[in-house]
Amino acid sequence: QVQVVESGGGLVQAGGSLRLSCAASGRTFSSYAMGWFRQAPGKERECVAAISWSGGNTYYADSVKGRFTISRDNAKNTVYLQMNSLKPEDTAVYYCAADTVFELATTAGEYDYWGQGTQVTVSS
């Protein structure tokens, strides 16, 4: 069983920055693909960024390219999402997820373990 815990959400003004952190348990964290998803009220959960187990491959949704950066520190069992130039439409609950099968995964159904989510609110 893998436990995933997010932190770092909050309220920020448009144009500001936040960094989300996600700690995952397990001795084989370095073999997990990791992803950040978000879900706004009335909308489907979407993958905003994903990173392969080695960190060598990344994926970004078009809506966040150039503004968000995903990274990981396998020594700390942690993945990060640096969010810059935030917009009101980035407001959502952000979830971290771990995938123990695929090298890089971009759809929710590929992920095995999920955190509880952290709220990000961007005011205009």
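Structure: above.
Below you will find a few notes about this structure.

Criteria and cut-off values
Residues numbered from 1 in each chain as written. Predicted model: local features only at pLDDT ≥ 70, side-chain atom pairs only at ≥ 80, totals over all residues. Heavy atoms only, no water. Phe/Tyr/Trp six-rings, centres within 6.5 Å; stacked < 30°, edge-to-face > 60°. Buried < 20%, exposed > 50% of the residue type's maximum accessible area, 1.4 Å probe, protein only. Disulfide = S-S within 2.5 Å. Helix = DSSP H or I, 4+ residues; strand = E, 2+ residues; numbered from the N terminus. Salt bridge = Lys/Arg side-chain N within 4 Å of Asp/Glu carboxyl O. Core = buried A, V, L, I, M, F, W, Y, C linked by side-chain atoms within 4.5 Å. Contact = heavy atoms within 4.5 Å. Pairing = 2+ DSSP bridges. Axes fitted to C-alpha atoms, helices over the stretch in contact; angles between N-to-C directions. Polar contact = N/O pair within 3.5 Å; in protein donor to acceptor, adjacent residues only side chain to side chain.

**Structural notes on the packing of aromatic side chains**
Enumeration according to the criterion identifies 4 aromatic pairs in this entry. Ring geometry for Phe29 against Tyr32: centres 6.0 Å apart, planes inclined by 75 degrees, an arrangement best described as edge-to-face. Of the residues examined, Tyr32 reaches a relative accessible area of 5% and is grouped as buried. Ring pairs connect the aromatic residues Phe37, Tyr111 and Trp114, which therefore count as one cluster.

**A look at the state of the cysteines**
Evaluated as defined, the whole model comprises 1 disulfide. The residue that forms a disulfide with Cys22 is Cys96, at a sulfur-sulfur distance of 2.1 Å. Sign of the S-S torsion, about -80 degrees for the bond between Cys22 and Cys96, identifies this disulfide as left-handed. With a gap of 74 residues between them, Cys22 in strand β3 (residues 18–24) and Cys96 in strand β9 (residues 92–99) connect regions that are remote in the sequence. As far as burial versus exposure is concerned, Cys22 and Cys96 are alike and both buried.

**Observations regarding the pattern of salt bridges**
Evaluation of the coordinates by the stated rule reveals 4 salt bridges. Asp90 is the salt-bridge partner of Arg38, the closest N and O atoms lying 2.9 Å from each other. Placement of Arg38 in strand β4 (residues 33–39) and of Asp90 in the loop between β8 (78–83) and β9 is noted, with a sequence separation of 52 residues between them. Since its relative accessible area comes to 6%, Arg38 is described here as buried. For Asp90, the salt bridge goes to Arg67, with nearest N and O atoms at 2.7 Å. A residue pair is termed long-range when its members are at least 10 positions apart, and Asp90 in the loop between β8 and β9 and Arg67 in the loop between β6 (58–60) and β7 (68–73) qualify at 23 residues. For Asp90, a relative accessible area of 1% translates into the label buried. Taking relative accessible area as the criterion, Arg67 reaches 10% and is therefore assigned buried. The network of salt bridges with shared partners includes Arg38, Glu46, Arg67 and Asp90.

**Thoughts on the nonpolar core**
Counting residues in each nonpolar core, the largest one holds 30 residues, and the members touching the most others are Met34, Trp36, Ile70, Val79, Leu81, Met83 and Tyr94. When residues of this core are traced back to their parent elements, those giving at least two are β3, β4, β5 (46–51), β7, β8, β9 and β11 (118–123). Other than its neighbours up to four places away in sequence, Val79 contacts Leu20, Ser21, Cys22, Phe29, Met34, Trp36, Ile51, Ile70, Ser71, Arg72 and Cys96.

**Considering the sheet that holds β8**
Pairing in this open sheet of 4 strands is antiparallel, and the strands run β1-β3-β8-β7 from one edge to the other. Among the strands making up the open sheet, the edge pair consists of β1 (4–7) and β7. Between one strand axis and the next, the sheet turns by 15 degrees as a mean value, whatever way the strands run. Of the pairings in the sheet, the one linking β3 to β8 comprises 6 bridges and is antiparallel in character. Looking at the pairing, Leu20 lines up with Leu81 of β8.

**Describing the side chain of Thr118**
As for its position among the elements, Thr118 is in strand β11. Taking relative accessible area as the criterion, Thr118 reaches 12% and is therefore assigned buried. There is a polar contact of 3.2 Å between the side chain of Thr118 and the backbone nitrogen of Gly9.

In short, the description is geometric, and any link to function would need to be established separately.
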